[in-house]
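Residue-level listing of the chains:
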Amino acid sequence: MTERISAEDFRRAGGVDDWAVEGESAEAVFRTGSFAAGVALVERIGILADTANHHPDVDLRYPSVAVRLTTHDSGGLTDKDVSLARAISEAARKLGVSAERV
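The numbering scheme is per chain: residues are counted from 1 as the chain's sequence reads. Reporting of local features is limited, given that this is a predicted model, to residues whose pLDDT is at least 70; pairs of side-chain atoms are given and counted only at 80 or more, and all residues count toward the totals for whole chains, interfaces and linings. By convention in this description, side-chain values take in all heavy atoms of the structure and omit both hydrogens and water.

Enquirer: I keep staring at unusual backbone geometry and nothing clicks. Help me out?
Expert: The phi torsion of most residues other than glycine is negative, and most of the peptide bonds are trans. A cis amide bond links Tyr62 with the next residue in sequence, Pro63, at an omega value of 0°. Helix and strand assignments come from DSSP, with helices taken as H or I runs of at least 4 residues and strands as E runs of at least 2, each series counted from the N terminus. Mapped onto the elements of the fold, Pro63 is located in the loop between β3 (57-61) and β4 (64-69).

In structure tokens:
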């Protein structure tokens, strides 16, 4: 099992400004502007998640993608969530998609 981190630890980690901590998870909403851009982001998130073997909850809707991260076997946030949050935010930026703080 991976060691949990606090909400404050998550917030202090660099590269997670797009994300807000809600309870035992971190959440972000990415404003895609189109369904096609949302699909492209979800595809990239899928690749990142499989590579990390860490899978977020993803909600694709027009015109946004909402993502929720938590480490289920640890019952809260871990460094895995920080790493995947950073990677997802970077992927969104590369696609020209901006985040809206939740």
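Right, picking up where we left off after that structure.
Enquirer: Which parts of the structure should I look at to understand the pattern of salt bridges?
Expert: Charged atoms that come close allow side chains of opposite charge to pair. Salt bridge criterion: a side-chain nitrogen from Lys or Arg within 4 Å of a carboxyl oxygen from Asp or Glu. One pass over the full model with this rule turns up 8 salt bridges. In this structure, Arg93 engages Glu90 in a salt bridge whose closest nitrogen and oxygen atoms are separated by 3.1 Å. A residue pair is termed a helical-turn pair when its members lie 3 or 4 positions apart in one helix, as Arg93 and Glu90 do in helix α3 (residues 79-94) at 3 residues. Relative accessible area decides the class of each residue, using a 1.4 Å probe on protein chains only: under 20% of the type maximum gives buried, over 50% gives exposed, and in between gives partly exposed. Judged by relative accessible area, which is 47%, Arg93 ranks as partly exposed.

Enquirer: Mind showing me how you'd approach the side chain of Thr32 here?
Expert: As for its position among the elements, Thr32 is in the loop between β2 (25-31) and α2 (35-52). For Thr32, a relative accessible area of 11% gives the class buried.

Enquirer: Is there a simple way to explain the pairing of β3 in this structure?
Expert: As a general feature of sheets, a regular strand has side chains that alternate between the two faces. Paired strands are those between which DSSP finds at least two bridges. The sheet contact formed by β3 and β4 spans 5 bridges and is antiparallel. Residue pairing for β4: Asp57 is matched across the bridge by Arg68.

Enquirer: Is there a simple way to explain the nonpolar core in this structure?
Expert: It is characteristic of soluble globular proteins that their nonpolar side chains tend to be buried jointly. Nonpolar core, defined: a set of buried Ala, Val, Leu, Ile, Met, Phe, Trp, Tyr and Cys residues in which side-chain atoms within 4.5 Å join the residues together. Counting residues in hydrophobic clusters, the biggest one holds 23 residues, and the most contacted among them are Phe10, Val16, Trp19, Phe30, Leu41, Val67 and Ile88. For this core, the secondary structure elements donating two or more residues are β2, α2, β4 and α3. Ranked by residue count, the leading element in this core is α3, at 6 residues. Setting aside anything within four residues of it in sequence, one finds Leu41 in contact with Phe30, Thr32, Val65, Ala91, Ala92, Leu95 and Val97. Note on contacts: a residue pair is in contact if any heavy atoms of the two residues lie within 4.5 Å.

Enquirer: Even after reading the chapter, I still don't get the environment of Gly75, so can you show me in this structure?
Expert: In this structure, Gly75 sits in the loop between β4 and α3. Gly75 sits in the partly exposed class, given a relative accessible area of 39%. Each C-alpha atom, one on Gly75 and one on Ser6, is 12 Å from the other, the two residues being 69 residues apart in sequence. What Gly75 contacts, discounting residues up to four positions off in sequence, is Arg4 and Glu24.

So far we have only geometry, and geometry alone does not tell us how the molecule works.
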